[in-house]
Amino acid sequence: MLSCPDAPEPSGLVVLVDKSDLRLAVFQDGAPLPGPDGATCFPVALGGVPTGTKERRGDERTPTGTFRITHKNPNSSFHLSLGLDYPRAQDAEAGFAAGIIDARTRDRVVAVARAGGMPVRDTALGGDIYLHGGGAEPSNWTDGCVGMDDNVIDWLYVTVKPGTRVIIRE
């Protein structure tokens, strides 16, 4: 049986991805939710550079932090997928401070993020970060998304809804 990540503070439905252990768990009010076959912890694949947080398009890093699910995609190239709200306002601020994006792009990303809209995906920060199927093996094969076995994304797809928090931690 896999070792699961520790629960976040108990408040609602939360998907937790632990990058160091390549594991995903779902919690309801601090208690783990059993998924396929009664398991509560599932292996995942990350971006090709698994450590550190995403900073720019093409860096193959999976972002870290607290995100929310923006939408469900039943027509994913990777079975099913759940979109995340990357880049967020804080990602835009960090990208601007690092000289990755200009002030106009930062302002556009921040405005959309604060309004709760679909994330801006056409910047040097990258975008299109998803939880998706396609398998957890080989590990770290995605371009920055969180990949998992198809039976796990099937379960997750019906368990969560847009707005659900997703915590991705190192």
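Calculation notes
Residues numbered from 1 in each chain as written. Predicted model: local features only at pLDDT ≥ 70, side-chain atom pairs only at ≥ 80, totals over all residues. Heavy atoms only, no water. Helix = DSSP H or I, 4+ residues; strand = E, 2+ residues; numbered from the N terminus. Buried < 20%, exposed > 50% of the residue type's maximum accessible area, 1.4 Å probe, protein only. Contact = heavy atoms within 4.5 Å. Core = buried A, V, L, I, M, F, W, Y, C linked by side-chain atoms within 4.5 Å. Phe/Tyr/Trp six-rings, centres within 6.5 Å; stacked < 30°, edge-to-face > 60°. Lys NZ or Arg CZ within 6 Å of the ring centre and 35° of its normal. Arc of directions from axis to C-beta. Pairing = 2+ DSSP bridges.

Peer 1: Can you walk me through the side chain of Arg-106 in this structure?
Peer 2: Along the chain, the position of Arg-106 falls in helix α2 (residues 103-115). The buried category is assigned to Arg-106, whose relative accessible area is 17%. Dropping the residues within four chain positions of it, Arg-106 is found in contact with Ala-92, Glu-93, Phe-96 and Ile-101.

Peer 1: For this particular structure, what's the right way to read the nonpolar core?
Peer 2: Across soluble globular proteins, nonpolar side chains have a tendency to be buried as a group. Judged by nonpolar contacts, the single largest core of 35 residues is most densely connected at Leu-24, Leu-131, Met-148 and Leu-156. When contributions to this core are tallied by element, the ones reaching two or more residues are β1 (13-18), β2 (23-28), β5 (65-73), β6 (81-84), α1 (89-97), α2, α3 (150-159) and β9 (165-169). If you tally residues by element for this core, the top one is α3, at five residues. Ignoring anything within four residues of it in the chain, the contact list for Leu-156 reads Val-15, Leu-24, Val-26, Leu-82, Leu-131 and Met-148.

Peer 1: Before we go on, may I ask you to explain the packing of aromatic side chains in this structure?
Peer 2: Aromatic ring pairs: the centre-centre distance and the angle between the two ring planes describe each pair. Inspection of every chain in the model, using the stated rule, returns two aromatic pairs. For the pair Phe-42 and Trp-155, a centre-to-centre distance of 5.5 Å together with 45 degrees between the ring planes defines the contact as tilted. Placement of Phe-42 in strand β4 (residues 42-43) and of Trp-155 in helix α3 is noted, with a sequence separation of 113 residues between them. No difference in accessibility class separates Phe-42 from Trp-155, as the two residues are buried. For the ring pair Phe-78 and Trp-141, a centre distance of 5.4 Å and an interplane angle of 50 degrees mean the geometry is tilted. In this pair, Phe-78 is assigned in the loop between β5 and β6 and Trp-141 in the loop between β7 (130-132) and β8 (146-147), connecting sequence segments 63 residues apart. A relative accessible area of 26% means that Trp-141 is categorised as partly exposed. The ring of Tyr-157 has Lys-72 lying over it, and the distance from NZ or CZ to the ring centre is 5.0 Å. Above the face of the Phe-96 ring, Arg-106 is positioned so that its terminal group lies 4.2 Å from the ring centre.

Peer 1: Looking at this model, I keep getting lost on α1. Mind explaining?
Peer 2: Helical periodicity: at 3.6 residues per turn, an α-helix aligns residues three or four positions apart in one direction. Those residues of α1 not exposed but buried are Ala-89, Asp-91, Ala-92 and Gly-95. All buried residues of α1 lie within an arc of 160 degrees about the axis, which places them on one face of the element. Positive phi shows up at Gly-99, right after α1, with a value of about 80 degrees.

Peer 1: Can you help me understand unusual backbone geometry in this one?
Peer 2: Across the junction of Tyr-86 and Pro-87, the peptide omega takes the value 0 degrees, indicating a cis bond. Relative to the helices and strands, Pro-87 is located in the loop between β6 and α1. In this model, Glu-137 is joined to Pro-138 through a cis peptide bond whose omega is -5 degrees. With respect to the helices and strands, Pro-138 occurs in the loop between β7 and β8.

Peer 1: How do you make sense of the pairing of β1 when you look at a structure like this?
Peer 2: Successive residues of a regular strand alternate their side chains across the two faces of the sheet. Most of β1 sits inside the fold, with six of its six residues counted as buried. Burial along β1 is two-sided: Leu-13, Val-15 and Val-17 facing one way and Val-14, Leu-16 and Asp-18 facing the other are all buried. As defined by bridge partners, β1 adjoins β2 across six bridges and the pair is classed as antiparallel. Bridge pairing in β2 links Leu-13 to Gln-28.

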